[in-house]
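Structural features, examined
These are the residues of each chain, in order.
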Amino acid sequence: MSNFKVTIGHHKNKPFINIYIDKIRYRFWNGECIKVNIKCIDAPSLLKAAFELKLMEGWRPQSNNKLIKEVPITVIQALQHYNQATESNGAFDY
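My aim in this report is to walk through the structure given alongside it, one point at a time. Fair warning: this is a prediction, and the values are worked out from it, not measured in the lab. (Residues numbered from 1 in each chain as written. Predicted model: local features only at pLDDT ≥ 70, side-chain atom pairs only at ≥ 80, totals over all residues. Heavy atoms only, no water.)

Before going further, it helps to spend a moment on the overall build of the protein chain. Tallying secondary structure elements over the protein chain gives two helices and three strands in all. Reading the protein chain from its N terminus to its C terminus gives the helix and strand order β-β-β-α-α. In terms of C-alpha radius of gyration, the protein chain reaches 25 Å, well past the compact-globule figure of 12 Å for 94 residues. Dimensions of the protein chain along its principal axes, counting C-alpha atoms only, are 75 × 35 × 20 Å. Here the protein chain holds 94 residues, and the buried ones make up 22% of them. Separation of charge centres in the protein chain, based on 13 positive and 8 negative side chains, amounts to 14 Å. (Helix = DSSP H or I, 4+ residues; strand = E, 2+ residues; numbered from the N terminus. Rg over C-alpha atoms; globule rule 2.2 N^0.38 Å. Buried < 20%, exposed > 50% of the residue type's maximum accessible area, 1.4 Å probe, protein only. Lys, Arg positive; Asp, Glu negative; His and termini not counted. Charge placed at Lys NZ, Arg CZ, Asp CG, Glu CD.)

See below:
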């Protein structure tokens, strides 16, 4: 029994392939990741079938891990950090 679902979706009248695996959705606009030279806009049904075949063969999509950007500290945070560091070292400026 398969634990995936492949559908054809549309956004702004452009087709794409939806793949649902373990309640996670993946979207594809071409077959590049499965090494198939098909664009969804040209042949969505054919690309859907190609993805279904690859999934049956055991292929699974790689998830894009979103980069978490480090938020820069504010001037106030930097001064507070400096004050804490100098107080713990016993160095006080008068």
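Further remarks concern the pattern of salt bridges. Under the defined criterion, the tally for this structure stands at one salt bridge. With a shortest N-O distance of 3.3 Å, Lys-48 and Glu-52 are connected by a salt bridge. With Lys-48 and Glu-52 both in helix H1 (residues 44-56) and four residues apart, this pair spans about one turn of that helix. (Salt bridge = Lys/Arg side-chain N within 4 Å of Asp/Glu carboxyl O.)

This next bit is on the sheet that holds strand E1 (residues 4-11). Across the sheet, which stays open at both edges, the three strands sit in the order E1-E2-E3 with antiparallel pairing between neighbours. Strands with a single pairing partner mark the edges of an open sheet, and in this sheet they are E1 and strand E3 (24-28). Each neighbouring strand pair of the sheet contributes to a mean axis angle of 30°, computed without reference to strand direction. Of the pairings in the sheet, the one linking strand E2 (residues 14-21) to E3 comprises five bridges and is antiparallel in character. When the bridges of E3 are listed, Tyr-20 appears paired with Arg-25. (Pairing = 2+ DSSP bridges. Axes fitted to C-alpha atoms, helices over the stretch in contact; angles between N-to-C directions.)

Moving on, we come to the packing of aromatic side chains. Overall, the coordinates contain four aromatic pairs when judged by the stated rule. The interplanar angle of 55° and the centroid separation of 5.8 Å between the aromatic rings of Phe-51 and Trp-59 together place this pair among those described as tilted. On the basis of relative accessible area, Phe-51 is assigned to the buried category, the value being 0%. Taken together through their ring pairs, the aromatic side chains of Phe-28, Phe-51 and Trp-59 make up a single cluster. (Phe/Tyr/Trp six-rings, centres within 6.5 Å; stacked < 30°, edge-to-face > 60°.)

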